[in-house]
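# Close look at the chain arrangement
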Amino acid sequence: QVQLVESGGGLVQAGGSLRLSCAASGRTFSSYVMGWFRQAPGKEREFVAAIRWSGGNTYYAGSVKGRFTISRDNAKNTVYLQMNSLKPEDTAVYYCNSGKPIATMLARVEQYDYWGQGTQVTVSS
């Protein structure tokens, strides 16, 4: 049974930093992509970042590139999202996920088959 458990969310002032963690279990993730999406109130869930377990290739949404960094710790089966220079518009519930998306569809929600429960990130102005 695949489980993805996020942690690290919270309240931070604009310009601050947070690090989200996603502890993964229940499958061998080496051939999978791990991603972070977010959903703000009244908005659709949107892609934030993704990383391939094997090789470590990373992908970012334009809105977070240069501010967020996705990484993984193979020994701990954990994926991280380091978020710097946070803005009020980054406020959302952040979800970790796992899947085998087609290369050109990394940002598509339906390409991922397992999701965590989400963690709230609130950035105050």
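Residues numbered from 1 in each chain as written. Predicted model: local features only at pLDDT ≥ 70, side-chain atom pairs only at ≥ 80, totals over all residues. Heavy atoms only, no water.

## Remarks on the sheet that holds strand 7 (residues 68-73)
The strand order across the open sheet built from 4 strands is 1-3-8-7, with neighbouring strands paired in antiparallel fashion. With one partner strand each, in any of the chains shown, strand 1 (3-7) and strand 7 form the two edges of the open sheet. The average undirected angle you get between the axes of adjacent strands in this sheet is 15°. (Pairing = 2+ DSSP bridges. Helix = DSSP H or I, 4+ residues; strand = E, 2+ residues; numbered from the N terminus. Axes fitted to C-alpha atoms, helices over the stretch in contact; angles between N-to-C directions.)

## Some points on the environment of Glu89
Take Glu89: it is sitting in the loop between strand 8 (78-83) and strand 9 (92-99). Between the C-alpha atoms of Glu89 and Ala14, which are 75 residues apart in sequence, the distance is 9.5 Å.

## Notes on the state of the cysteines
Inspection of every chain in the model, using the stated rule, returns 1 disulfide. Covalently, Cys22 is tied to Cys96 through a disulfide, its sulfur atoms 2.0 Å apart. With the S-S dihedral at roughly -70°, the linkage between Cys22 and Cys96 falls on the left-handed side. One end of the pair, Cys22, is in strand 3 (residues 18-25); the other, Cys96, is in strand 9, and 74 residues separate them in sequence. (Disulfide = S-S within 2.5 Å.)

## Some words on the packing of aromatic side chains
Applying the stated criterion to the full structure yields 7 aromatic pairs. Between Phe37 and Trp115 the ring centres are 5.2 Å apart and the planes differ by 70°, which places this aromatic pair in the edge-to-face class. One end of the pair, Phe37, is in strand 4 (residues 33-39); the other, Trp115, is in strand 10 (residues 112-115), with 78 residues separating them in the sequence. Ring centres 6.4 Å apart and planes at 75° place the aromatic pair Tyr95 and Trp115 in the edge-to-face group. Of this pair, Tyr95 sits in strand 9 while Trp115 sits in strand 10, and the two are 20 residues apart along the sequence. Note on Tyr95: relative accessible area 14%, which makes it buried. By relative accessible area, which is 25% here, Trp115 ends up partly exposed. Positioned above the aromatic ring of Tyr32, the side-chain terminus of Arg27 is 3.8 Å from the ring centre. Against the face of Trp115 rests Arg45, its NZ or CZ located 4.9 Å from the ring centre. (Phe/Tyr/Trp six-rings, centres within 6.5 Å; stacked < 30°, edge-to-face > 60°. Buried < 20%, exposed > 50% of the residue type's maximum accessible area, 1.4 Å probe, protein only. Lys NZ or Arg CZ within 6 Å of the ring centre and 35° of its normal.)

## Digging into the nonpolar core
Among the nonpolar cores identified, the biggest contains 35 residues, and Met34, Trp36, Leu81, Met83 and Tyr94 are the most heavily contacted of them. Looking at this core, the elements with two or more residues in it are strand 3, strand 4, strand 5 (46-52), strand 7, strand 8, strand 9 and strand 11 (119-124). When residues in this core are grouped by element, the largest group, 5 residues, is from strand 5. (Core = buried A, V, L, I, M, F, W, Y, C linked by side-chain atoms within 4.5 Å.)

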